[in-house]
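# Architecture and fold: a report
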Protein chains: 2
Amino acid sequence: MQTEAEFKDFILNGHLHYIPHISIDCAIFGYHEQQLKLLLIKHRNIDGWCLPGGYIKRTEKLVEAANRNVKERTGVDNLFLQQFKTFGDPDRIQFNKFDEKKWLEAVGIDSWEGNWLFNQTISVGFYAITDFSETVLQTDITTAECAWFDINALPKLEYDHDEMVSDALHTMRVHLYHYPIGLNMLPEKFTLSEIHALYETLLDKKLDISNFPKKLIALGLLKKLDEKRSIGAHRSPHLYSFDKEKYELALKEGLVLS
Amino acid sequence: MQTEAEFKDFILNGHLHYIPHISIDCAIFGYHEQQLKLLLIKHRNIDGWCLPGGYIKRTEKLVEAANRNVKERTGVDNLFLQQFKTFGDPDRIQFNKFDEKKWLEAVGIDSWEGNWLFNQTISVGFYAITDFSETVLQTDITTAECAWFDINALPKLEYDHDEMVSDALHTMRVHLYHYPIGLNMLPEKFTLSEIHALYETLLDKKLDISNFPKKLIALGLLKKLDEKRSIGAHRSPHLYSFDKEKYELALKEGLVLS
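In this numbering scheme, every chain counts its residues from 1 along its sequence in written order. A letter from A marks each chain and a number from 1 marks each ligand, given out in the order of writing. Reporting of local features is limited, given that this is a predicted model, to residues whose pLDDT is at least 70; pairs of side-chain atoms are given and counted only at 80 or more, and all residues count toward the totals for whole chains, interfaces and linings. Side-chain figures throughout are based on the complete set of non-hydrogen atoms in the structure, without hydrogens or water.

In the nomenclature of an unreviewed UniProt entry, chain A is known as NUDIX domain-containing protein of Mucilaginibacter angelicae.

## Some words on the interface of chain B and chain A
Put simply, the rule is: In this analysis, two residues are considered to be in contact whenever any of their non-hydrogen atoms come within 4.5 Å of each other. A quick way to say it: buried area is the sum, across both parts, of accessible area lost when two parts are put together, with a 1.4 Å probe. Should a side-chain nitrogen of Lys or Arg be within 4 Å of a carboxyl oxygen of Asp or Glu, the pair is scored as a salt bridge. For this analysis, a polar contact is any N or O atom pair within 3.5 Å, provided that within protein one partner can donate a hydrogen and the other can accept it, and provided that sequence-adjacent residues contribute only side-chain to side-chain pairs. The way it works is that DSSP assigns letters per residue, a run of H or I at least four long becomes a helix, a run of E at least two long becomes a strand, and they are numbered from the N terminus. Residues are grouped as follows: Ala, Val, Leu, Ile, Met, Phe, Trp, Tyr, Cys and Pro are nonpolar; Asp, Glu, Lys and Arg are charged; all remaining types, including Gly, are polar.
With 29 residues of chain B in contact, the opposing surface of chain A contributes 29 residues. Here chain B and chain A share an interface that buries about 2,400 Å² over both sides, 63% of which is from carbon and sulfur atoms. Our count for the contact surface shared by chain B and chain A stands at 2 salt bridges. Note that A:Lys61 and B:Asp89 form a salt bridge whose closest N and O atoms lie 3.6 Å from each other. One can count 8 residue pairs in polar contact (both at pLDDT 80 or more) joining chain B with chain A. Within the residue set of the side of chain B that touches chain A, elements represented by two or more residues are β1 (18–32), β4 (81–87), β5 (122–131) and α4 (161–175) of chain B. When the residues that make up the side of chain B that touches chain A are grouped by side-chain class, the tally is 13 nonpolar, 10 polar and 6 charged.

## Structural notes on the packing of aromatic side chains
The condition that has to hold: Here the aromatic set is Phe, Tyr and Trp, taking the six-membered ring for Trp, and pairing holds for ring centres within 6.5 Å; pairs whose planes are under 30 degrees apart are stacked, those over 60 apart are edge-to-face, and all others are tilted. Accessibility here uses a 1.4 Å probe with only protein chains present; expressed as a share of the type maximum, an area under 20% marks a residue as buried, one over 50% as exposed, and anything in between as partly exposed.
Under the defined criterion, the tally for this structure stands at 30 aromatic pairs over all chains. Their ring planes at 55 degrees and their centres at 6.2 Å tell us that A:Phe10 and A:Tyr55 sit as a pair that is tilted. Highlighted residues: A:Phe10 in helix α1 (residues 4–13) and A:Tyr55 in strand β3 (residues 53–57), separated in sequence by 45 residues. For the residue pair A:Phe10 and A:Tyr55, the accessibility class agrees, reading buried in each case. Between B:Phe132 and B:Trp148 the ring centres are 6.1 Å apart and the planes differ by 50 degrees, which places this aromatic pair in the tilted class. Of the two residues, B:Phe132 sits in the loop between β5 and β6 (143–150) while B:Trp148 sits in strand β6, which places them 16 residues apart along the sequence. A connected cluster of aromatic rings, assembled from ring pairs, spans A:Phe10, A:Tyr18, A:Tyr55 and A:Trp116.

## Notes on the domain arrangement of chain A
Residues and elements named next belong to chain A. The cut-off we apply is this: Domain delimitation in this document rests on an assignment produced automatically or drawn from a domain database.
Under the domain assignment, chain A is made up of domain 1 (4–175) and domain 2 (192–253). A straight line from the C-alpha centre of domain 1 to that of domain 2 covers 33 Å. Contacts between domain 1 and domain 2 engage 8 residues on the former and 8 residues on the latter. For the pair domain 1 and domain 2, the summed buried surface comes to about 720 Å²; carbon and sulfur atoms form 70% of the total. Taken together, domain 1 and domain 2 are joined by 0 salt bridges.

## Remarks on the packing of helix α5 (residues 192–203) of chain B against helix α6 (residues 211–218) of chain B
Residue and element names in this part refer to chain B. Threshold: To get an axis, a line is fitted to the C-alpha atoms, and for a helix only the part in contact is used. The angle between two axes follows their N-to-C directions and goes from 0 to 180 degrees. For any pair of crossing helices, the crossing counts as left-handed if the nearer helix is rotated counterclockwise from the farther one by less than a right angle, and right-handed if it is rotated clockwise.
Put simply, α5 and α6 touch, their axes get as near as 8 Å, and they point 115 degrees apart. Here the hand of the crossing between α5 and α6 comes out right-handed. Contacts between α5 and α6 pair Leu192, Ile195, Tyr199 and Leu203 from the former with Phe212, Pro213, Leu216 and Ile217 from the latter. Taken together, the residues that form the contact of α5 with α6 break down as 8 nonpolar, no polar and no charged.

See the structure below:
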């Protein structure tokens, strides 16, 4: 959505193209060299920060709507996307009344009586993880700002999005024990220290150095390469890469790393 | 919903009380003495079996709607309820067109033009686990039948409910590694063999006998009682019970048993 005309049409006639009463919100985590960040946006005409999200087109599957939203903000397509929780509470109607009124004013409409956006909304939460250094953040006509924040220095978020972030982190951390992770977050060839650091950063705790790498090797997800990296006089650790076929299969089926 | 008049009002005016476009479906698992079952229902006027479910009242939180549905079918209140996935797909509209037409006919209405039930529906899946021997199954005006089926002998289900059951089982099994389980599924005092059998049955695989019990004891969730059960000449295993305070806390916060 790029023009004022499209924005006005979305507000007036969006229900013809989108399912009312239900939205998605995306917690997009960004990892790079032991830093974990979260993507936040500011909606047009609204002061506070919140998660990016939107409505679901009547022709879309849920995950397609999430993928579209993530791509629109980051430029990255086909990220690993997982649902973490769906949020529904009669109180959620209050948030919308406030915000969408500002939107109606923004496009010069006096009354929101009967407008499709004035509904109690249930929101499906998805999380994604990517390498934040590879993203190109983009705003549009509904999004005033878009930025990465360190996970340990988040501002207070609008609506129930603080709770969403906490639930997204919790589910992402549970999933680390059941799904492989790291593709597109590590270099093509990496050391065991680098993948260990990825797990420590995502879990936000110290781990036994052999913990995850050992399990990944045992499951055939990590391949030891006939190649070393020289990082000092007497230090040249072996390099590893993912077995992409096994990785994709494990992603589909889930597995118990524990 | 018990009377024909209430049923007709639900079909004609349900949108005043329930949120359109979104439903819940519940995979209610039943455990008892190494058997795992699933609760299935037949909707009024519809032949096949499916998961119990329904719509969300405008005054309810999502989990309250799930709890109400589970209670209506099983008579059991406040079960451990967890979301497993939300299902949204443009194809889901087809299911509804077919079934709800039968419902309209059943209450003697000719046309469903503009009816609130004729919508693409997104459904939030919850799972619950209980002791099936403690439940009292109940039908109502929308539910023709209600029965427990062995998890390994399920009939082919209506709609996308086969996929839902598969996803519910998968998520339930992942959760076994992160949340405590067993309260209301085991006797008040139980042996380590009994809780071991519970885990083996739910995971559908053989486990090292000390695997889960050892972790539960280490986390303080299991208390060894000063009491034994006599089960034979030379066999009198110690009895255990849950530390309910720690159990509730672990349920809230989640923990890594692995």
